[in-house]
Amino acid sequence: MISSDCSDPATLPASGPGGVRAVERCDALGIAPYSEEPDRLFRPYLSAAYRATRDSLAGWMQAAGMKTRVDAAGNLVGRYEGLTPDAPALLIGSHIDSVRDAGRYDGMLGVLLGVEVVARYAALGQRFPFAIEVIGFGDEEGSRFPVSMLTSRAVAGLLKDVPTGMQDAAGVSLQAALAEEGLELEHMPEAARKPGEILAYLEAHIEQGPVLEAENRAVGVVTAIAAQYRFRVSVQGVAGHAGTMPMTLRQDALAAAAEAVLAIETIGQSGPSDLVATVGQLTVAPGVPNVVPGEVVFSIDVRAGDAAVRNAAAAEIRTALEALAVRRKVTLDMTLQQDLPATPCDAALTNLLSNAARTTIGDEPRRMVSGAGHDAMVVAALAPVCMLFIRCEGGISHNPAEAVDPSDVDQAFLVMTRFIEDFAGHCP
Ligand code: GLV
Ligand code: MN
Ligand code: MN
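Residues numbered from 1 in each chain as written. Chains lettered and ligands numbered in written order. Predicted model: local features only at pLDDT ≥ 70, side-chain atom pairs only at ≥ 80, totals over all residues. Heavy atoms only, no water.

## Overview of the overall build of the chain
To keep it simple, the criterion reads: Helix numbering and strand numbering both begin at the N terminus, where a helix is a DSSP run of H or I of at least 4 residues and a strand a DSSP run of E of at least 2. The globule rule is 2.2 Å times the number of residues to the power 0.38, and the radius of gyration it is compared with is taken over C-alpha atoms. Here the term buried applies to any residue with accessible area under 20% of the maximum for its type, exposed to any over 50%, and partly exposed to those in between, with areas from a 1.4 Å probe on protein chains only. Two residues form a contact once any of their heavy atoms are found within 4.5 Å. Only the protein chains shown count as cover for residues, and all accessible areas are computed by the Shrake-Rupley method using a 1.4 Å probe.
Each helix and strand in the chain was counted, giving eleven helices and 16 strands. The C-alpha radius of gyration computed for the chain amounts to 23 Å, which stays within 12% of the reference 22 Å derived for 428 residues, consistent with globular compactness. With the C-alpha coordinates of the chain rotated into their principal frame, the extents come out at 75 × 45 × 40 Å. Across the 428 residues that make up the chain, the buried fraction comes to 54%. The contacts in the chain between residues at least 6 apart in sequence include a share of 77% that link residues at least 24 apart. For the chain, the exposed surface amounts to about 17300 Å²; the carbon and sulfur share of it is 53%.

## Brief notes about the site of ligand 1
This is how the line gets drawn: For this description, a residue counts as near a given molecule or strand if any of its non-hydrogen atoms is within 4 Å of it. Throughout this description, a polar contact denotes any pair of N or O atoms lying within 3.5 Å of each other; where both atoms belong to protein, one of them has to be capable of donating a hydrogen while the other can accept it, and for residues adjacent in sequence the pair is counted only when both atoms sit in side chains. Under the scheme applied, nonpolar residues are Ala, Val, Leu, Ile, Met, Phe, Trp, Tyr, Cys and Pro; charged residues are Asp, Glu, Lys and Arg; polar residues are all the others, including Gly.
With respect to spatial proximity, the complete set of residues near ligand 1 consists of Glu-140, Glu-141, Arg-303, Ala-372, Gly-373 and His-398. The side chain of Glu-141 places a nitrogen or oxygen atom 3.1 Å from an oxygen atom of ligand 1. With respect to ligand 1, the backbone of Gly-373 contributes an N or O atom lying 2.7 Å from an oxygen atom. Each residue belonging to the shell around ligand 1 can be placed in one class, and the counts come to one nonpolar, two polar and three charged.

## Here we look at the side chain of Arg-54
Note on placement: Arg-54 falls in helix α2 (residues 48-63). Among the residues examined, Arg-54 registers a relative accessible area of 7% and is labelled buried. A polar contact is formed between the side chain of Arg-54 and the side chain of Glu-181, at a distance of 2.7 Å. Excluding residues that lie within four positions of it along the chain, Arg-54 makes contacts with Val-70, Gly-74, Leu-76, Ile-96 and Glu-181.

## Concerning unusual backbone geometry
Each neighbour pair has its own omega, and for Ala-32 with Pro-33 the value is 10°, a cis peptide bond. One can find Pro-33 in the loop between α1 (19-28) and α2. Geometrically, the link from Ala-285 to Pro-286 is a cis peptide bond, its omega value of 0° lying close to zero. Here Pro-286 lies in the loop between β10 (282-285) and β11 (291-292). A positive phi is found at Asp-86, a non-glycine position, where the angle reads about 65°. Along the polypeptide, Asp-86 turns up in the loop between β2 (76-80) and β3 (89-95).

## Some remarks on the pairing of strand β7 (residues 227-236)
Counted only if it meets this: When DSSP finds at least two bridges between two strands, those strands are taken to pair.
Where burial is concerned, most of β7 is hidden: eight out of the ten residues are buried. Where β7 and strand β12 (residues 295-304) come together, ten bridges link them in antiparallel fashion. Across the sheet, residue Arg-232 finds its bridge partner in β12, namely Ser-299. Where β7 lies against strand β13 (residues 331-340), nine bridges are found, and the strand directions are antiparallel. Within β13, the residue paired with Gln-228 across the bridge is Leu-340.

Next comes the structure, spelled out in structure tokens:
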């Protein structure tokens, strides 16, 4: 567990903002052993770094007055009881996994803000008609296994069928990764919360885009999250000798994939500004200098605020890829791996959050659609959700240069506490 002078709730003024400490803790978690790599942050689901992070976070949750547990999907959950035992909960959270070479605030900041909020109420001895639970979800990024948000899907009760056949890049199965920490794949769906146990979900997250900074605003309120597709494309050509195979006779899988990548970019550029299409992962086999590539596997991520726009772009991509495969005499298979629908945030909660922001900051908050995916889009199947965005420097994210201004995070903390107090006033 991290020991640092930012870990003692007694050092926090009971009524003061907790944003600064949340930022310090994100920074402390940005290095080994909280990262799998010594020189950059990479914290995949169920890795040793993931477990080390979860242990430190559990310590901070306990110090903040919460009881903690790891659920059947490996998520960390802290609970601060309400006025009565077993009261339904307001859930606050985000994810604790990261992309490779990540920034320190994506996901983790929202979890640590939840911890700060509870620390404040515990220090004041204040309880609500509802419990407050803080959750650190395990795999929002999907940076280890082929799909993302299995753990929030489990909590939302959407993991009806156990996800079989999933392996990471090193060939470790999801089943084996869960078993390493005493969890069983067959029991993963048991992380599901019962209807009525969760009253609402609040997720604070860095914006990961440039709008708030351009408008000189500390925070914004999310109205909806864009629809996402993830595909796996495999291209089979014919491997051959790089010195003897004439250019005209090649069935080069990588050259075909390169053309595909450019076609995908062109299609992404041809729609409305919220349509985006990305190839972020590509492997080449056999991957040696003197062999014409025989096989390429790559990912496609397609998103848009409107699912119809996303779907049309994906159909156009499929047509373009099939056509180039025929022309280049390779075989191509494009398989859908993940379909996350566009998710509106709950209108009443979003209004409550906007009011909290207006009261705290004295200004009508910016309302915006999130192009980035969040656990909130899955939790929406379980409970009404709302999201608060926090300005980040240059809009940069999924990049070690990710940065936040601690005073913006203090503002977010104040908006969250105001929201909770207003929510208590609306609570049945
Ligand atoms: C997660 O950050 C995503 O939007 O893919
Ligand atoms: Mn991310
Ligand atoms: Mn995130």
